[in-house]
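# Descriptive structure summary
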Amino acid sequence: MMTTKTLSPHAFQEETFTASMETPQALASPIIIDGGKVVLQSQVVLAPMAGVTDIVFRGLVRKTAPQSLICTEMISSNSLVYSKRWDAHILKKTSEDNPIAYQLAAHQEEIIAAAAVTICEKHQPNMLDINMGCPVKKITGNFEGCALMRDLELASRLIKAVSSSVDVPVSVKFRLGWDDNSKNYIEFGQMAQESGAKLVTLHTRTRSQGYKPGVDWEAAGKLKAALRIPVIANGDIVTPADAKFMVDTYQVDGVMIGRGTQGEPWRIALIDHYLKTGELLPEPTLVQRLAYAWQHVQGMVAYKGEAQGVREMRGQLPWYVKGFAGAPAYRAKLTQVETVAEVEALFVEILESLT
Ligand SMILES: Cc1cc2nc3c(=O)[nH]c(=O)nc-3n(C[C@H](O)[C@H](O)[C@H](O)COP(=O)(O)O)c2cc1C
């Protein structure tokens, strides 16, 4: 981490992080989806994360990863179709936010089809993804998310309903299975492919594992060997070396990164650069981390207003602040902030403490 003696405590307001990734390279073998309707020039995908991958965070990721497929937060088809008071901010995207997959959750064919059509008409996504992996009880209790891994017929009908309603390629994200006794990911992936999915992502855990340690990366290789469509591996892939291991060892088409990007929106680009060139770019300095955090706050405030924007950043700001003595105390303080001025004062204090 950078701690130079000449550091201005306001340096985070000027600094940016673009590293040497301004001219991104093409892939030797691009990922061809649905006969070329979508062609990906990056093997690194940003995971859908509710409460994280909103328009602001995606914009930060895009600064250094213009070629990567990025997923929205999960969108409830039911809310989109029926709820008049539903907050449609989740659907917004900028014109630079491509390639993008909008992710839908649903358990009824006609509703997911209606949601898919609305999204395609209003927002022109490159792809639509169906969530069949969410382990949260509120979702599975509604026969959505990972509950669909226990009802292949319904899952198939949902995929067919979306595929036949829109022109964009449809993908499906799922887990190894419901629990250790029902790991049906191969059968499920084959069902998805036969039902019209043009890409699948495997989160290499079961529903009952939640987010506990113990991913089965080899399963992604087995799924790849069993399918014709591209397979993206997901689950605890964080470093460039992890990603390279997955691609080289299991021949998966790409990797999806989730929590590794929290407080590190540049991580997708670092991994992409490594996979393409073998070169490990330096991790950002503390000033650059704070610069990103500052831009994140500014974006959220512009998007949601100061009160709500800063409140929502309380969960995200601490991720940016690490790697120096005293960081835990600052992380705790950042979970209490109410205003942009408080964030600014804490960032200045951090940099002053290091000079
Ligand atoms: C805060 C959070 C929100 C998430 N929201 C979604 C979601 O909306 N849709 C989805 O398919 N997965 C969601 N996930 C799961 C991630 O997409 C990913 O599968 C999981 O975190 C494992 O990848 P990782 O180890 O790289 O984080 C979420 C995960 C987290 C941590």
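Computed from a predicted model, the values in this text were never measured in an experiment.

Criteria and thresholds
- Residues numbered from 1 in each chain as written.
- Predicted model: local features only at pLDDT ≥ 70, side-chain atom pairs only at ≥ 80, totals over all residues.
- Helix = DSSP H or I, 4+ residues; strand = E, 2+ residues; numbered from the N terminus.
- Buried ≥ 20, exposed ≤ 12 C-beta atoms within 10 Å, placed from the backbone.
- Domains from an automatic or database assignment.
- Contact = placed C-beta atoms within 7 Å.
- Nonpolar A, V, L, I, M, F, W, Y, C, P; charged D, E, K, R; others polar.
- Arc of directions from axis to C-beta.
- Core = buried A, V, L, I, M, F, W, Y, C linked by C-beta atoms within 7 Å.
- Near = placed C-beta within 6 Å.
- Axes fitted to C-alpha atoms, helices over the stretch in contact; angles between N-to-C directions.
- Parallel < 35°, antiparallel > 145°, perpendicular 65-115°, else oblique.
- Left-handed = near helix turned anticlockwise from the far one by under 90°.

## Quick look at the overall build of the protein
A tally of helices and strands in the protein yields 14 helices and 10 strands. C-alpha atoms of the protein, sized along the principal axes, occupy 60 × 50 × 40 Å. Per-residue burial over the protein gives 44% buried out of 355 residues.

## With respect to the domain arrangement of the protein
Per the domain assignment, the segments of the protein are domain 1 (25–277) and domain 2 (286–353). Here the C-alpha centroids of domain 1 and domain 2 sit 29 Å apart. Residue-level contacts link seven residues of domain 1 with nine residues of domain 2. Looking at the side of domain 1 that touches domain 2, its residues break down into four nonpolar, three polar and no charged.

## A few points about the environment of glutamine 103
Here glutamine 103 is to be found in strand 5 (residues 100–105). Residues glutamine 103 and asparagine 234, spaced 131 residues apart in sequence, show a C-alpha to C-alpha distance of 16 Å. In contact with glutamine 103, other than residues within four places in its own chain, are Pro48, Cys71, Thr72, Met74, Ile75, Asp129 and Asn131.

## Overview of the environment of isoleucine 90
Here isoleucine 90 is to be found in the loop between helix 2 (77–82) and strand 5. Judged by the 18 C-beta atoms lying within 10 Å of it, isoleucine 90 is partly exposed. Taking C-alpha positions, isoleucine 90 is 7.8 Å from threonine 72, a pair spaced 18 residues apart along the chain. Beyond its immediate sequence surroundings of up to four residues, isoleucine 90 is in contact with Thr72, Glu73 and Ile75.

## Description of helix 7 (residues 217–226)
Trp217, Ala219, Ala220, Leu223 and Lys224 are the residues of helix 7 that are buried. Within helix 7, the buried residues cover an arc of 145° as seen down the axis, which keeps them to one side. Residues of helix 7 that are exposed and point more than 90 degrees away from the buried face comprise Glu218 and Ala225. The inward-facing, buried residues of helix 7 contact helix 6 (185–195), strand 8 (199–203), strand 9 (231–234) and helix 8 (240–250).

## A few points about the nonpolar core
The biggest cluster of nonpolar side chains holds 97 residues, and the ones touching the most others in it are Leu104, Ile112, Leu128, Val162, Ala233, Val255 and Leu290. When residues in this core are grouped by element, the largest group, 10 residues, is from helix 10 (residues 286–304). Inspection of this core shows a minimum of three residues originating in each of domain 1 (25–277) and domain 2 (286–353). Setting aside residues up to four positions removed in sequence, isoleucine 112 forms contacts with Ser77, Leu104, Ala106, Leu158, Ala161 and Val162.

## With respect to helix 6
When helix 6 is considered as a whole, its buried residues turn out to be Tyr185, Phe188, Gly189 and Ala192. Taken end-on, helix 6 shows its buried residues confined to a sector of 100°, consistent with a single buried face. Buried residues along helix 6 sit against helix 5 (152–163), strand 7 (170–175), strand 8 and helix 7. Just downstream of helix 6, glycine 196 is the residue with a positive phi angle, here 120°.

## Structural notes on unusual backbone geometry
In most cases, non-glycine residues show a negative phi, while peptide bonds are predominantly trans. Asparagine 98 connects to proline 99 through a cis peptide bond whose omega is -5°. Among the secondary structure elements, proline 99 is positioned in the loop between helix 2 and strand 5. In this model, phenylalanine 143 sits at a positive phi of 60°, which is unusual for a non-glycine residue. Tracing the backbone shows phenylalanine 143 in the loop between helix 4 (137–140) and helix 5. Classification of phenylalanine 143 by C-beta neighbours within 10 Å gives partly exposed; the count is 14. Even without glycine at this site, glutamine 251 takes up a positive phi of about 55°. Inspection of the secondary structure assignment puts glutamine 251 in the loop between helix 8 and strand 10 (254–257). Accessibility expressed as a C-beta count within 10 Å gives 12 for glutamine 251, which makes it exposed.

## Considerations on the site of the ligand
Near the ligand you find 22 residues, and of these Ala47, Met49, Met74, Gly258 and Arg259 are the closest. For the shell around the ligand, the class distribution of residues is nine nonpolar, nine polar and four charged.

## Overview of the packing of helix 7 against helix 8
In contact at an axis separation of 9 Å, helix 7 and helix 8 are set at 40° when each is read in the N-to-C sense. By the angle between their axes, helix 7 is oblique relative to helix 8. In the crossing of helix 7 with helix 8, the sense of the turn from one axis to the other is right-handed. Contacts from Trp217, Glu218, Ala220, Gly221 and Lys224 in helix 7 reach Met246, Thr249 and Tyr250 in helix 8. In the contact of helix 7 with helix 8, the residues fall into four nonpolar, two polar and two charged.

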